[in-house]
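Summary of structural features
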Amino acid sequence: MSKCEQCIVRQFSSLKALGKEELLKMANCKTSYTIKKGEPIFEEGETLKGVFCIKDGVGKLSKLSSNGKDQIVKLVKSGELLGQRSMISEESANLSAIALNDMEVCFIPRKEILGFFDKNNEFSMNVMKTICGDLKEADDHMVSMAQKSVKSRLAETLIYLEDTFGKNDDGSLYLQLSREEIAGLIGTATESCIRLLSDYKKEGLIELVGKKIIILKRNELIKLSN
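On a predicted model such as this, the values are computed, not experimentally measured, just so you know.

The next point concerns the UniProt feature "domain: Cyclic nucleotide-binding" (unreviewed entry) in the protein chain. According to UniProt, the feature "domain: Cyclic nucleotide-binding" (unreviewed entry) maps to residues 14-111 in the numbering used here. Helix makes up 18% of residues 14-111 and strand 42%, with an end-to-end C-alpha separation of 16 Å.

Written out as structure tokens, the structure is:
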């Protein structure tokens, strides 16, 4: 059993406020498992029985719109906790969480987390700050969708992917999303996304090698995103 007190990723989430005794308690009740690429961690409408800590890998939080289109709300990575809002509101999951590559995830039961919430003020404040941060991100995303062109949103997303997840040795974006997933992030049709990426390539802003995307003119993309 991996020891929670020796796990580095806890430092990136609300769990960093927990003391050694609490971490030992958590280690004894958590479940660790692998989620394969494309599999759900949980689905929209599901009643969550605890929170999930991402130890490794990247996932997407998305919502199915009335026309059946998958709108990606946020990408999540190592160190993040999922399900905190559902745990506090006692409502079913508002979003689905799907693995974009193979993920290592730990599940911590609700009862245990609420126990920490009651006894550890710093932990409960951290959880609240995380939820407030998510709300701020949602506000910014809503304004971006309403006020920016699709071309600007694509530029913004490509810069975000490079800054957040880094690059491979060949210069391509580390997180390789499908054209459909990129379209879901920027809120447009897949065909429009493909056309825009092709336009960016013609303008010399990016290079496309199969599904790989290489940013060539970062500063020009930043200008476009604004």
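Still more ground to cover, so stick around.
This part is about the sheet that holds strand β5 (residues 70-76). Taken in spatial order, the four strands line up as β2-β7-β4-β5 in an open sheet, and their pairing is antiparallel. The open sheet has two free edges, formed respectively by β2 (40-42) and β5, since each of these has just one partner strand. Pairwise comparison of adjacent strand axes, ignoring direction, gives a mean angle of 35 degrees for this sheet.

End to end, helix α7 (residues 190-202) covers 19 Å across 13 residues, agreeing with the expected 18 Å (1.5 Å per residue, within 8%). The set of residues buried in α7 consists of Ser192, Cys193, Leu196, Leu197 and Tyr200. One side of α7 holds all its buried residues, which, seen down the axis, span an arc of 135 degrees. Residues of α7 that are exposed and point more than 90 degrees away from the buried face comprise Glu191, Arg195 and Lys202. At its buried positions, α7 is contacted by α5 (150-165), α6 (179-186), β9 (206-209), β10 (212-215) and α8 (218-225). Backbone geometry just downstream of α7 places glycine 204 in the positive-phi region, at approximately 80 degrees.

Thresholds applied
Residues numbered from 1 in each chain as written. Predicted model: local features only at pLDDT ≥ 70, side-chain atom pairs only at ≥ 80, totals over all residues. Heavy atoms only, no water. UniProt positions renumbered as here; feature names shortened; annotations may be inferred. Helix = DSSP H or I, 4+ residues; strand = E, 2+ residues; numbered from the N terminus. Pairing = 2+ DSSP bridges. Axes fitted to C-alpha atoms, helices over the stretch in contact; angles between N-to-C directions. Expected span 1.5 Å × (residues − 1). Buried < 20%, exposed > 50% of the residue type's maximum accessible area, 1.4 Å probe, protein only. Arc of directions from axis to C-beta. Contact = heavy atoms within 4.5 Å.

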